[in-house]
Amino acid sequence: LAKTTQPISMDSYEGQEVNITCSHNNIATNDYITWYQQFPSQGPRFIIQGYKTKVTNEVASLFIPADRKSSTLSLPRVSLSDTAVYYCLVAPRGGADGLTFGKGTHLIIQP
Amino acid sequence: GAGVSQSPSNKVTEKGKDVELRCDPISGHTALYWYRQSLGQGLEFLIYFQGNSAPDKSGLPSDRFSAERTGGSVSTLTIQRTQQEDSAVYLCASSDPGLYGYTFGSGTRLTVV
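Residues numbered from 1 in each chain as written. Chains lettered and ligands numbered in written order. Predicted model: local features only at pLDDT ≥ 70, side-chain atom pairs only at ≥ 80, totals over all residues. Heavy atoms only, no water.

**Some words on the overall build of chain A**
Here is the rule we go by: Numbered from the N terminus, helices here are DSSP runs of H or I no shorter than four residues, and strands are runs of E no shorter than two. For a compact globule the rule gives 2.2 Å times the number of residues to the power 0.38, and the radius of gyration it is set against comes from C-alpha atoms. Exposed residues in this analysis have more than 50% of their type's maximum accessible area, buried residues have under 20%, and partly exposed residues fall in between, with area computed by a 1.4 Å probe over protein chains only. Only heavy atoms matter for contacts: two residues are in contact if any of them lie within 4.5 Å across the pair.
Helix and strand counts for chain A come out as 0 helices and 9 strands. Counting helices and strands in the order they occur from the N terminus, chain A gives β-β-β-β-β-β-β-β-β. Taken over the C-alpha trace, chain A has a radius of gyration of 13 Å; the compact-globule value for 111 residues is 13 Å, and the two agree within 12%. The principal-axis extents of the C-alpha atoms in chain A amount to approximately 40 × 30 × 25 Å. Out of the 111 residues belonging to chain A, those deemed buried represent 46%. Considering only residue pairs separated by 6 or more positions, chain A has 56% of its internal contacts joining residues 24 or more positions apart.

So this is what it looks like as structure tokens:
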């Protein structure tokens with residue numbers, strides 16, 4: 001399984017754009033990159049998934065360079081409610097193997 | 001069901017007792033995962049079921065932990081002779097291969113006293 005490296009924590013302010021980068025140097029050809037968000041006392045929630053280039057949905061954008069050894073989750077105009085832990089996960093789509101989550105990035109949004 | 005359901009939501013047990021945690025995945029999802037999350041830590045993979053294939057048990061921390069999935073649907077995680085270090089939130093997730101992402105339940109908070 002490809003392992004990931006993310007910053008342990010990040011701080012930002014309401015209304016700012018936040019970019020969280022994940023390194024995954026050993027990503028395999030059939031691996032997809034998925035980001036999850038977790039609030040206290042809840043299970044992780046799917047945010048976005050991509051394979052290459054750029055993916056955008058109503059919540060976030062995901063930027064993946066050509067070598068796919070890293071990815072950046074971009075949250076536009078964050079609010080206090082975006083304070084959460086964000087996990088980057090690299091695995092084949094559909095889960096051919098058990099998922100391995102790192103410790104994630106604790107994002108703290110201040111007023 | 002509409003989401004992944006886990007029960008109980010909270011469980012307090014005495015050291016040495018056995019506990020059973022239940023996960024009811026989304027109907028039709030063939031893949032089911034169990035994870036453990038200790039306070040302030042990331043998710044630790046425990047076990048993975050995919051259809052009728054033999055489960056991937058590589059994450060189970062000791063032989064006190066076991067899990068089964070009956071009829072390809074509901075799963076039960078059993079911890080025998082619980083220890084204080086077993087205290088954690090146990091999360092279940094399910095997915096349908098080929099679809100985006102995994103849906104997690106809200107977890108069972110296990111406290112061993």
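**Regarding the state of the cysteines**
Keep this limit in mind: Disulfide assignment relies on a single distance test, namely cysteine sulfur atoms paired within 2.5 Å.
As enumerated under the stated definition, the model contains 2 disulfides over all chains in all. A disulfide bridge connects Cys22(A) with Cys88(A), and the sulfur atoms are separated by 2.2 Å. Every disulfide takes its handedness from the sign of the S-S torsion; for Cys22(A) and Cys88(A) that torsion is -80°, giving left-handed. Here Cys88(A) lies in strand β8 (residues 84-92) and Cys22(A) lies in strand β2 (residues 18-23), a separation of 66 residues in the sequence. Disulfide pairing is shown between Cys23(B) and Cys92(B); the S-S distance is 1.8 Å. With the S-S bond torsion at -65°, the cross-link from Cys23(B) to Cys92(B) turns out left-handed. Separated by 69 residues along the polypeptide, Cys23(B) in strand β3 (residues 19-24) and Cys92(B) in strand β8 (residues 88-95) bring together distant segments of the chain. Judged by its relative accessible area of 0%, Cys92(B) falls in the buried class.

**Side note on the confidence of the model for chain B**
Stated precisely, the cut-off is as follows: Known as pLDDT, the predictor's confidence for each residue is given on a scale from 0 to 100.
This prediction gives chain B a mean pLDDT of 91; 96% of its residues lie at or above 70. When pLDDT is averaged over each helix and strand of chain B, the minimum, 90, is found for strand β5 (residues 43-50) of chain B and the maximum, 98, for strand β7 (residues 75-79) of chain B.

**Description of the packing of aromatic side chains**
Stated precisely, the cut-off is as follows: Each aromatic pair joins two rings of Phe, Tyr and Trp (for Trp, the six-membered one) with centres within 6.5 Å, and gets the label stacked for planes under 30 degrees apart, edge-to-face for over 60, and tilted for any other angle.
Across all of its chains, the model carries 8 aromatic pairs over all chains by this definition. Ring centres of Tyr32(A) and Tyr51(A) lie 5.2 Å apart, and the angle between their planes is 55°; on these two criteria the pair is classed as tilted. Taken together, the residues span a long stretch of sequence, with Tyr32(A) in strand β3 (residues 31-38) and Tyr51(A) in the loop between β4 (45-50) and β5 (53-56) at a distance of 19 residues. Given the relative accessible area of 27%, Tyr51(A) is considered partly exposed. Taking the centre distance of 5.9 Å and the plane angle of 50° together, the rings of Tyr35(B) and Phe104(B) count as tilted. One end of the pair, Tyr35(B), is in strand β4 (residues 31-37); the other, Phe104(B), is in strand β9 (residues 103-104), with 69 residues separating them in the sequence. Side by side, Tyr35(B) and Phe104(B) carry an identical accessibility label, which is buried. Linked through ring pairs, Tyr36(A), Phe46(A), Tyr33(B), Tyr35(B), Phe45(B), Tyr48(B), Tyr102(B) and Phe104(B) together constitute an aromatic cluster.

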